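# Remarks on the overall topology
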Amino acid sequence: MKKIIYIIFLINFLIAGCEDPLDKEPLNLISEDGVWKDKTLIDLYFADLYSRCEFFLAPRVANFGMSEAVNSGFCRTWGPWPQGYQHTSRVLTADQSSTYAVFHCWDYELVRDINDAIEKLEDESSLLEDEDFKKTRLGEAYFLRAWIYFKMVKTYGGVPLIKRVQSLDEPDEDLFVPRSSEEECYDSIAEDCDTSRELLEGRNLTEYGRATEWAALALKSRAMLYAASIGEFGELQTTGSGEYATTLGITDANKYWQLSLEASKEIIEDGPYRLYEENSDLSDNFEQLFQAEGEDNPEVIFAERFDGLGSRGHDWDLWLQPDEFRNGYGSFLKCFTNALGKFDFKDGRSGVLNSEDFVQGDPNNLYSLDDFWYNRDPRAQATFYFAETPWKGSTVYTHVGTYKIDKNGVRQYITTGEVTDGTRTVPALGASRDLSRSALHVKKRISEDLDLTQKEAGLGYSDFIVFRLAEIYLNYAEAYFYINGSGGDGLKYLNMVRERAGMPARSELTQDNIRQERDVELMFEGHRYWDLRRWRTAVDELNGKKFAGIEMRYDFDEDKYEIYFINNGANEGDNADRIFLLNNYYYPIQTDILNENYALVQNPGY
């Protein structure tokens, strides 16, 4: 009923003034049945459902949409206080509040509201006359239910499968639903995706921001990939005992690899999508991919829409803009050497950075930007901003000081003012936030055109891409590899992603190649943390690690940079050793949730 009250409030703004108010049912008396025969009210109800699904983890101030990024091991926040970053070095417990359990998503209120929509729209006695509209919204509801269950299952493993609206007068055994197995949950997600796809066939294709048959297939492609990975790399576990015990894990990996492959193949072969290739400059092209929207972006399968201040906006740009262009915030995600090391060089050389090659004070440790930066995979310049990055008609500087030989032939180290030879002038050092923790910062998805002269929340208007064709190519390649091995169409689609970036083709399809390509292409898009979990590599990749940032000094006379690793405490590199324990592959169910349902059992290790 809360939802209905909210909708009634909003509808006041949509009533046409020319209509006779005496012909209208009083707004405060609109019944629930009245909502489900009015297309405008139904659309408002669905707008609320879409918003609550949180495709982009932005609304909670403690996250800023950054929790996945910092927990991936590729970056940290500028300050140590955001809960998303504190999560990286905390031992997870069932008593932890949702403030610090940042990936907590036990949202059965949303499930109930989606189930309510499905039941009302499927009701044969419905007074809604537009069957096409009814089918479309029903297809969206099945998509949204598959999405929210996928979010919960990838976090906790098996969860209670509730696919109807419960009533408080039902017996306890019907109200208190135990956890289904992880495999049963993934099967249910696949079923909802199939139903959504069937209902949405040919619909919503011009309704940007709404689910389509292709979005349903994309969700199935991703969810089944997760299930297959858990079957391939995880172990079967039983949690609880007696009638409420449940099984964690997947028994048949090949079944889910095949389901993912088939969903990906259908999108690739029959969908109306192609890779975004609108700019001959490969770095600019990749950067613009995340700004182009609607018909201007043929790669996007489904996106969460944002329109900025005065409507629905986000703060990604506000927090991540370069320091010298900020008004209160900026340069907030500081990237580590391992993130940059994922980006190989254009000639095929490995991009991995070894600490012994970057030692402060080593006379051989001088690099031109071409050598260190511009000769890398062009996607690096679109993913990070770094030394001398052009921005808003100016330049971002990230060096902490400048070497210059004075008129007496003595090499001086300068950290104030400007340095000049009468022809060329540079600042002795960059802006403060561009230097501390790391000289490498997240640039991906920031809009250079956005006016951020005011310290105001909700200005961001770039849409968050949930599914795009490049991910589907990589999903296909991964599923193909585990079914068929190296080569074939799997290698073809992986190389199509690399070709768009101007990188040399791989000669074979391998597990390492697939994972590196996902890291590079999809970095900071909400994948890496969950990839490490499903591959069961997070313990090795994250636990006990304290990642290093980059610091650099500019040599004015050589026009090169001394580059070295920093990892010495709160102000340099990572703040503390990261914690990811074996039991963390499944999140703890919070104690207050367990106390509300006697049929629930906790995950192992909590």
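A quick note: this is a predicted structure, and the numbers were derived from the prediction, not measured.

### What to know about the overall build of the protein
In terms of helices and strands, the protein carries 22 helices and 16 strands. Relative to the compact-globule value of 25 Å for 606 residues, the protein shows a C-alpha radius of gyration of 26 Å, a close match. Dimensions along the principal axes, computed over C-alpha positions, put the protein at roughly 95 × 60 × 45 Å. Residue burial in the protein is summarised as follows: out of 606 residues, 57% are buried. Pairs at least 24 residues apart make up 73% of the contacts formed inside the protein by residues separated by at least 6 positions. Approximately 24800 Å² of the protein is accessible, and the part contributed by carbon and sulfur atoms is 46%. Once the 64 positive and 106 negative side-chain charges of the protein are each reduced to a mean point, those two points are 4 Å apart.

### Side note on the packing of helix α3 (residues 39–52) against helix α6 (residues 108–122)
Interaxial distance between α3 and α6 falls to 11 Å at its minimum, and their mutual angle equals 145°. For the crossing formed where α3 meets α6, the hand is left-handed. Between α3 and α6, the contacting residues are Y45, F46, L49 and R52 on the first element and E109, L110, D113, I114, D116, A117 and L121 on the second.

### Considering the pattern of salt bridges
Within this structure, the stated rule accounts for 43 salt bridges. For D113, the salt bridge identified is with R52, shortest N-O distance 2.9 Å. Of the two residues, D113 is situated in helix α6 and R52 in helix α3; the sequence distance between them amounts to 61 residues. Measuring nitrogen to oxygen at the nearest pair gives 2.9 Å for the salt bridge that ties D531 to R534. In this pair, D531 and R534 are both assigned in helix α20 (residues 528–534), three residues apart and thus about one turn of the helix distant. R534 shares its class with D531; the two are buried.

### Considering the pairing of strand β14 (residues 464–468)
In terms of burial, β14 is largely enclosed, as five of its five residues are buried. As paired elements, strand β4 (residues 300–304) and β14 share four bridges and run antiparallel to each other. In the sheet register, A303 faces β14, and the bridge partner there is I465.

### Section: the packing of aromatic side chains
Given two aromatic rings, their pairing is described by the distance between the two centres and the angle made by the two planes. Enumeration according to the criterion identifies 43 aromatic pairs in this entry. Ring centres of Y108 and Y149 lie 6.2 Å apart, and the angle between their planes is 75°; this geometry places the pair in the edge-to-face category. Residue Y108 is located in helix α6, and its partner Y149 is located in helix α7 (residues 131–156); the two are separated by 41 residues in the primary sequence. By relative accessible area, Y108 is classed as buried at 17%. Ring geometry for F481 and Y482: centres 4.9 Å apart, planes at 80°, overall edge-to-face. Under the relative-accessibility criterion, F481 is labelled buried at 19%. An aromatic cluster is defined as three or more aromatic residues linked by ring pairs; in this entry it consists of F103, W106, Y108, Y149, Y156, Y529, W530, F580, Y585 and Y587. Note that R349 overlies the ring of F345, its terminal NZ or CZ placed 4.2 Å from the centroid.

### Digging into the packing of helix α9 (residues 182–200) against helix α11 (residues 253–270)
Any two packed helices are characterised by how steeply their axes cross, that is the angle between the axes, and by the distance between the axes. With their axes 12 Å apart at the nearest point, α9 and α11 run at an angle of 20° to one another. By the criterion of interaxial angle, the relationship of α9 to α11 is roughly parallel. As for how α9 packs across α11, the hand of that crossing is left-handed. Along the contact surface, α9 presents E183, Y186, D187 and R197, while α11 presents K255, Y256 and E266. Across the contact of α9 with α11, the residue classes break down as two nonpolar, no polar and five charged.

### Considerations on the confidence of the model for the protein
Per-residue confidence for the protein gives a mean pLDDT of 90; residues scoring 70 or more make up 91%. In the predicted structure, residues 1–29 sits below a pLDDT of 50 and forms 28 contacts with residues beyond four places in sequence or in another chain. This stretch, residues 58–63, has a pLDDT under 50; its non-local contacts, to residues over four places away or in other chains, come to eleven contacts.

### Structural notes on the sheet that holds strand β15 (residues 549–555)
Either a parallel or an antiparallel arrangement is found when strands of a sheet pair, and the pairing is made through backbone hydrogen bonds. Sheet architecture is open: four strands sit in the order β10-β9-β15-β16, paired in mixed fashion. The open sheet has two free edges, formed respectively by β10 (411–414) and β16 (560–566), since each of these has just one partner strand. When the angles between neighbouring strand axes are averaged without regard to direction, this sheet yields 25°. Inspection of the sheet shows strand β9 (residues 402–405) paired to β10 by four bridges, in the antiparallel sense. Note on β10: the bridge partner recorded for Y403 is Y413.

### Examining α7
The first and last C-alpha atoms of α7 sit 37 Å apart over 26 residues, in line with the 38 Å expected at 1.5 Å per residue. The backbone nitrogen of D132 lies 3.2 Å from a side-chain oxygen of the residue at the head of α7, namely D130. Of the residues trailing α7, G157 is marked for its positive phi of about 85°.

### A word on α11
Residue pairs spaced three or four apart in an α-helix point in one direction, given the helix's 3.6 residues per turn. Taking 1.5 Å of rise per residue, the 18 residues of α11 would be expected to cover 26 Å, and the 26 Å separating its terminal C-alpha atoms lies within 8% of that figure. Buried residues of α11: A253, Y256, W257, S260, L261, A263, S264, I267 and I268, and no others. For α11, the angular spread of the buried residues around the axis is 165°, confining them to a single face. Buried residues along α11 sit against α9, α10 (213–233), β4, α17 (469–484) and α18 (488–501).

### Examining the side chain of R528
With respect to the element layout, R528 can be found in helix α20. Excluding its chain neighbours within four sequence positions, the residues that come into contact with R528 are E68, S72, F74, K342, D519 and E541.

### As for the nonpolar core
Grouped together as the largest cluster of nonpolar side chains are 162 residues, with contacts concentrated most on F46, F143, Y186, I189, F384 and F386. Of the residues forming this core, the biggest block, 14 residues, is contributed by α7. Judged by nonpolar contacts, the second largest core, of nine residues, contains L289, A292, A303 and I465.

### Re the environment of T238
Assignment of secondary structure puts T238 in strand β2 (residues 237–239). Judged by relative accessible area, T238 falls into the exposed class, the value being 57%. Sequence-wise, T238 and G490 are 252 residues apart; in three dimensions their C-alpha atoms are separated by 35 Å. For T238, the residues in contact, after removing those within four places along its chain, are A245, T246 and T247.

How each quantity is defined
- Residues numbered from 1 in each chain as written.
- Predicted model: local features only at pLDDT ≥ 70, side-chain atom pairs only at ≥ 80, totals over all residues.
- Heavy atoms only, no water.
- Helix = DSSP H or I, 4+ residues; strand = E, 2+ residues; numbered from the N terminus.
- Rg over C-alpha atoms; globule rule 2.2 N^0.38 Å.
- Buried < 20%, exposed > 50% of the residue type's maximum accessible area, 1.4 Å probe, protein only.
- Contact = heavy atoms within 4.5 Å.
- Areas by Shrake-Rupley, 256 points an atom, 1.4 Å probe, with all protein chains shown as cover.
- Lys, Arg positive; Asp, Glu negative; His and termini not counted.
- Charge placed at Lys NZ, Arg CZ, Asp CG, Glu CD.
- Axes fitted to C-alpha atoms, helices over the stretch in contact; angles between N-to-C directions.
- Left-handed = near helix turned anticlockwise from the far one by under 90°.
- Salt bridge = Lys/Arg side-chain N within 4 Å of Asp/Glu carboxyl O.
- Pairing = 2+ DSSP bridges.
- Phe/Tyr/Trp six-rings, centres within 6.5 Å; stacked < 30°, edge-to-face > 60°.
- Lys NZ or Arg CZ within 6 Å of the ring centre and 35° of its normal.
- Parallel < 35°, antiparallel > 145°, perpendicular 65-115°, else oblique.
- Nonpolar A, V, L, I, M, F, W, Y, C, P; charged D, E, K, R; others polar.
- pLDDT = per-residue confidence, 0-100.
- Expected span 1.5 Å × (residues − 1).
- Polar contact = N/O pair within 3.5 Å; in protein donor to acceptor, adjacent residues only side chain to side chain.
- Arc of directions from axis to C-beta.
- Core = buried A, V, L, I, M, F, W, Y, C linked by side-chain atoms within 4.5 Å.

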